[in-house]
Amino acid sequence: MSGQQDLLVVKDLRVWHPIRKFLTVAGYVRAVDGVSLSVKQGEIVAIVGESGCGKTTLARAIMGLIPAYSGSIFFEGVDITKLPKPTIRRWYSAQVGLVQQDPYGAMPPFMTIKKIIEEPMIIHKVPKEEREGRVRQLLEETGLTPPEDFLHKYPHMLSGGQLQRVAIARALALKPKLIVADEPVSMLDASVRIEVLMMFRGLQEKYKTSVLYITHDFATAKYFSDRIFVMYAGQIVEAGPSRDLINKPKHPYTEALINVLPDPDPGNRFTVKKILPGEPPNLIRPPPGCRLHPRCPYAMEKCRREELPLIELSDGRQVRCWLYA
Amino acid sequence: MKVAGIPNRLKAQLKRLVHYKSFVAGMVILTFFVGLSIYAMVTWPYSEAVAKWNNPAVWLDYPKHAKPSWITLFTGVRELEGSLIIDTRLEAKNVVKLRQVLERFGKPFATIERISIGFTYDYDAFPARLVYVVPVNTTDRVFVNMTWRKPSGIEIIIEKNFFTSGELIRSLEPKPGEVPEFALRYVEIVEKVYGVRVNISNLNPTYLLFCDDEYLAKTGALRVLKGSYQVGVETFSSDINSTVDLRLVIQGTIYGLAGTDFLGRDLFMALAWGAPIAMAFGLTASLLSALLQIAIAAISAWFSGVVDVVVQRINEIFMVLPFLPTIVMLWMFYGFDLWTLLWVIILFNTWGSGIKTSRAMFLQIKEMPYIEAAKAYGSSNFRIVMLYMIPRVIPVIIPNIVTAIPSFVFLEAALAMLGIADPRTITWGKVLQEAYTHGALLQGYYHWILAPSIMLFLMGIGFAMIGFTLDRVFNPRLREI
Amino acid sequence: MSEVLKVSDLKLYYSTMSGVVKAVEGATFTLNEEETIALIGESGCGKTSLARALIRFLPRNVAELSGSVVIDGIETINMSDAEFDEKIRWRKITYVSQAAINSLNPVIKVVDHLIEPLVIHFKTPKKDAVAKAAEIIKRVGIPEDFLWRYPFELSGGMKQRVVIALSLITNPRVVILDEPTSALDVMTQANILNMLKELKDESKLSYIFITHDIAVSSELADKVAVMYAGWIVELGPAEKVYVDPMHPYSKGLLGSVPRLKGNTPVTFIPGTPPSLINPPKGCRFRPRCKYAMPMCEQEPPVVKTGQGEYVRCWLYAGK
């Protein structure tokens, strides 16, 4: 959108969780298996997938919270998978912010809102005089006005929507270049959800922050993000500009997902949705070839044997499917 | 580092506490103990109290095994409280002292001294014991003749002997199979006057001196003879400078608020001093072991891996170590005082199942999203443990600490019963143990056992009520059950 | 079409430490055979309370429960719990709660879960009950041999199917589905919704479908009741409510649903729902409503807009 430079580049990232048995590693859960993506400055990128597809693991790896098995994550050209832990803590943790799913669990219940938003600034040694003003400013920016009403409250006194605003304020406290938002609105009510997302988008534009928006919800991704990456079984299966991708999905998985998602329409009740049979594969021993092939209506012989890379299509679309090779 | 937020929230919750009757009742009990402690500490500073308590000489004149004096309010029997002490060296009232130097050939060669003491005894109950002391200061021998004259007019010679310089001390108390000389004389007098030979075996000789002779002769039973008594001492010595005095201690049967023990020690002092010691002991043990426990558990849960394995193995060793035999063994080897015992108890209570429970709590907290958020914005390990994990369990820990205080007090008492106790410090447990070893229950000295037991019980109830209320307020989920 | 449920002026209050919570007030609707009514609204609007009042799954702190609930021709509001248990629950109406998926005991076999209501409430011989369980589990799309498995061996979607099978095994007239798919993935959710559609036609069932997801509600709803702060603010056929809602709240709610097809901009309703202990005077939506008028300070009238349809708003009064 605004900038064109890549802020974050993930290259062939694998996050494999070892399964330990009696001191030996018996196998790996391939939660993220060869993911490549990039986020430009000021861009909102959505990663959409069902639960268990590895999107949260990917987010945590990008946050530097869990180690990568292989591959790289370049942030402003620095590979953070090679950085020692203290550097990640001192430098990188101020560059990226995190907004989590559960607004109630994301706040220490014993801290006041002021303290919660102040914490990142205390840790990164922002002078005290500056902090007070910054907390007020953030509360105002996130629509928690007047700030006096919120500064000394505890999380349990706020509604889910208000808490998620606090979470966004906390994530923005250090003016990070990237915010990873993991299902930030999925636990909120419909009307609040849009309000929070619009507020978030406004702040994102103001701060020129990039956002990695992790969600299972294509509908909000369509309104909130610039580009969408669709994940299935630890891999990116399709990527492209949001509206384009949703209007004309190419990958059979994306197509099936979008087809089953309803819009409020009285006609829905007379139709039966076409669904993919079966369930997502086990990530310890994923199927060979294309990971969707056991469920895919278009599966060919080739799909069962050969794994394939993301194929570049025109107008910024990418898809991992033999149909387009 | 200040733990943010906690004070304000605590304040709000503490305000709610007052609405609970159990809390108010607990606070009343606690206030009583605090008041008692302050009273004890002001009246007898610690070192003075310990010194006094452990020096039997201080308590010589006190009645032994005296009941609490308020008991007479219920029985209506007038009893002598404390001891009636008459010392001719100190007072002149009711004392007549005559000294006569005998001369032969114009030269003094001997002295005769006559001392006479009068006192009135008009209590319904016999005194527990009579002690008399005759201090003699002479270079030669002294012949002492001591008489006891009852209000009935009967006079008994209770001492008739030669003595050398020093103190003649007689304590009249029942000694099985032993009848003092004067008792035999008394029997003869009674036989002469009333024509009845009374059986006095196994009687407290003190009672003979205070009993109604006529009643004894007629019924064979004892009754106090009220009225004025006269005690006389007559000495004859060839040393003209010799002096003689008389000190009479009539020990009563009731004393103070709590009575006395076998040494005559004021039990109220022990009960009062027991309170601050019990509270300090219980609070320190409970607080320190809880704090150490959560610190160790938090570190173990947070760092996991090797740290967790090491901590858990150490913990398991402590869990299989039998507490009682180990502490008995340690005590046998090192025989520590109360405060060392406290550290040993803290050590044993910190480790054990408590750490497992706290660790389980922390493992749960560790997975909370706010911990991940804290990690994401760069909190150090130390900060996460201290500021994010530990404050979370404080609402659970505080009520537990309060509820556990009496259990440590009980533990101290139980160990004291086993003989594992600081020989010098005054604790309720020690009082109980002495009562037990001196057969308080068999002998009917119920106050000796009951008073410390009630103190322990009250302290248990008080802290339990406060603890349970705190739990209801801090952990509101319990309120809905 | 016959009427299986008629609720009139239902009121449910709870007493709590901070005051009386007016969870449901003046709820009125009817439900015909083979019809689905969707109760939609945001969390805390009283939709679950309303459902629980119908099935009598109520906490102990109920302060008031009044109005009329006629289930299959029987007035139930004044029944004792025992009588309700004997005559209505399981026989006429069943309830699939939000937490039902986690309420299956992991160490009790699926079959034992399924036959329990039959054996206990209908005194069916165990053999017949097992046969019935086998039939019902096939109908919810689970192979019969899963009867002999334990719940922990099942996926989330399968557990949800078992729970639905459990609610159907006693042949009720009305099934209350409280957020039956909100814990599931989109694909599984679509699967379950497909199954519910089929079951409804096969068994002449009526559903009360409670959800906060407006798009999903349109998958089943013949009728929609929009709830706000304890009130049904609008009740109407799906064709009307989803396409052209009347009440300002319904408009706002529909407007806040992001749509996959087309490029309708999304909007939101500013403000937060009121406390049910001290709701605003007059119309409860007034503080957030962009059409608010001075008149709204008085309780809004229930304006009939058709057969069994109404809207609770001053905008439509006198029209």
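**Comments concerning the pairing of strand 2 (residues 19–32) of chain C**
Where strand 1 (residues 3–16) of chain C and strand 2 of chain C come together, 10 bridges link them in antiparallel fashion. Of the residues in strand 2 of chain C, the one forming a bridge with Tyr13(C) is Lys22(C).

**Some remarks on helix 4 (residues 110–121) of chain C**
Turn by turn, an α-helix covers 3.6 residues, leaving residues three or four places apart pointing in a common direction. All names here are of chain C. Among the residues making up helix 4, those that are buried are Val-110, His-113, Leu-114, Ile-115 and Leu-118. Next to the buried residues of helix 4 lie helix 5 (126–139) and helix 6 (156–168). Two residues or fewer after helix 4 comes Lys-123, characterised by a positive phi angle close to 55 degrees.

**Re the interface of chain A and chain B**
On the chain B side, the residues contacting the 22 residues of chain A number 17 residues. For the side of chain A that touches chain B, the elements supplying multiple residues, two or more each, are helix 2 (85–95) and helix 3 (113–123) of chain A. Of the residues assigned to the side of chain A that touches chain B, the class counts are 12 nonpolar, 5 polar and 5 charged.

**Considerations on unusual backbone geometry**
Geometrically, the link from Thr145(A) to Pro146(A) is a cis peptide bond, its omega value of -10 degrees lying close to zero. Positive phi outside glycine occurs at Arg56(C), with the angle close to 60 degrees. By the element assignment, Arg56(C) lies in the loop between helix 1 (47–55) and strand 4 (62–71).

**Considering the environment of Ile80(A)**
Residues and elements named next belong to chain A. Note on placement: Ile-80 falls in the loop between strand 5 (78–79) and helix 2. For the pair Ile-80 and Met-63, spaced 17 residues apart in the sequence, the C-alpha separation amounts to 9.3 Å. Dropping the residues within four chain positions of it, Ile-80 is found in contact with Gly-64, Ile-73, Phe-75, Ile-88 and Tyr-92.

**A short note on the sheet that holds strand 7 (residues 178–182) of chain A**
Strand pairing in a sheet relies on backbone hydrogen bonds. The paired strands run either parallel or antiparallel. All names here are of chain A. Taken together, the 8 strands give an open sheet; going across it, the order is 6-7-8-3-9-10-12-11, and neighbouring strands pair in mixed fashion. Whereas interior strands pair on both sides, the edge strands pair on one side only; in this sheet they are strand 6 (96–99) and strand 11 (311–312). As paired elements, strand 10 (residues 235–241) and strand 12 (residues 318–319) share 2 bridges and run antiparallel to each other. By the bridge assignment, Glu-238 is partnered in strand 12 with Val-319. Helix-sheet contacts for helix 1 (residues 55–62) involve strand 3 (44–48), strand 7, strand 8 (210–215) and strand 9 (227–232), and the interaxial angle to strand 8 is about 150 degrees.

**Concerning the nonpolar core**
Judged by nonpolar contacts, the single largest core of 281 residues is most densely connected at Leu212(A), Ile176(C), Ile208(C) and Val226(C). Discounting chain neighbours no more than four positions away, the residues touching Leu212(A) are Val39(A), Val45(A), Ile47(A), Ala59(A), Ile62(A), Leu178(A), Val180(A) and Ala181(A). Counting residues in hydrophobic clusters, the runner-up holds 34 residues, among them Val134(B), Phe182(B), Leu246(B) and Ile250(B).

**Focus on the sheet that holds strand 5 of chain A**
Residues and elements named next belong to chain A. Read from one edge of the open sheet, 4 strands run 2-1-4-5, paired in antiparallel fashion. Both outer strands of the open sheet, strand 2 (24–40) and strand 5, are each paired with one neighbouring strand and no more. Note that strand 4 (residues 70–75) and strand 5 share 2 bridges and pair antiparallel. Note that in strand 5 the partner of Phe-75 across the bridge is Val-78.

**Examining the interface of chain C and chain A**
Residue-level contacts link 36 residues of chain C with 32 residues of chain A. Within the residue set of the side of chain C that touches chain A, elements represented by two or more residues are helix 7 (186–203), helix 8 (214–217), helix 9 (238–241) and helix 10 (248–255) of chain C. Per-element tally for the side of chain C that touches chain A: the top contributor is helix 7 of chain C, with 6 residues. Of the residues contributing to the side of chain C that touches chain A, the split by class is 19 nonpolar, 9 polar and 8 charged.

**Looking at the confidence of the model for chain B**
Summarising the model, chain B shows a mean pLDDT of 87, and 97% of its residues fall at 70 or more. Confidence over residues 1–5 of chain B falls short of pLDDT 50; this stretch has 11 contacts with residues more than four positions distant or in other chains.

**What to know about the arrangement of the chains**
Contacts are most numerous between chains A and C, taken over all 2 pairs of chains that touch. In this assembly chain B lies apart from chain C, the nearest approach of their C-alpha atoms being 10 Å.

**Observations regarding the environment of Val224(C)**
All names here are of chain C. Tracing the backbone shows Val-224 in strand 9 (residues 223–228). With 29 C-beta atoms counted inside 10 Å, the residue Val-224 sits in the buried group. Beyond its immediate chain neighbours, meaning those up to four positions away, Val-224 contacts Ala-38, Ile-40, Ser-217, Gly-236, Ala-238 and Val-241.

Criteria and cut-off values
- Residues numbered from 1 in each chain as written.
- Chains lettered and ligands numbered in written order.
- Predicted model: local features only at pLDDT ≥ 70, side-chain atom pairs only at ≥ 80, totals over all residues.
- Pairing = 2+ DSSP bridges.
- Helix = DSSP H or I, 4+ residues; strand = E, 2+ residues; numbered from the N terminus.
- Buried ≥ 20, exposed ≤ 12 C-beta atoms within 10 Å, placed from the backbone.
- Contact = placed C-beta atoms within 7 Å.
- Nonpolar A, V, L, I, M, F, W, Y, C, P; charged D, E, K, R; others polar.
- Axes fitted to C-alpha atoms, helices over the stretch in contact; angles between N-to-C directions.
- Core = buried A, V, L, I, M, F, W, Y, C linked by C-beta atoms within 7 Å.
- pLDDT = per-residue confidence, 0-100.

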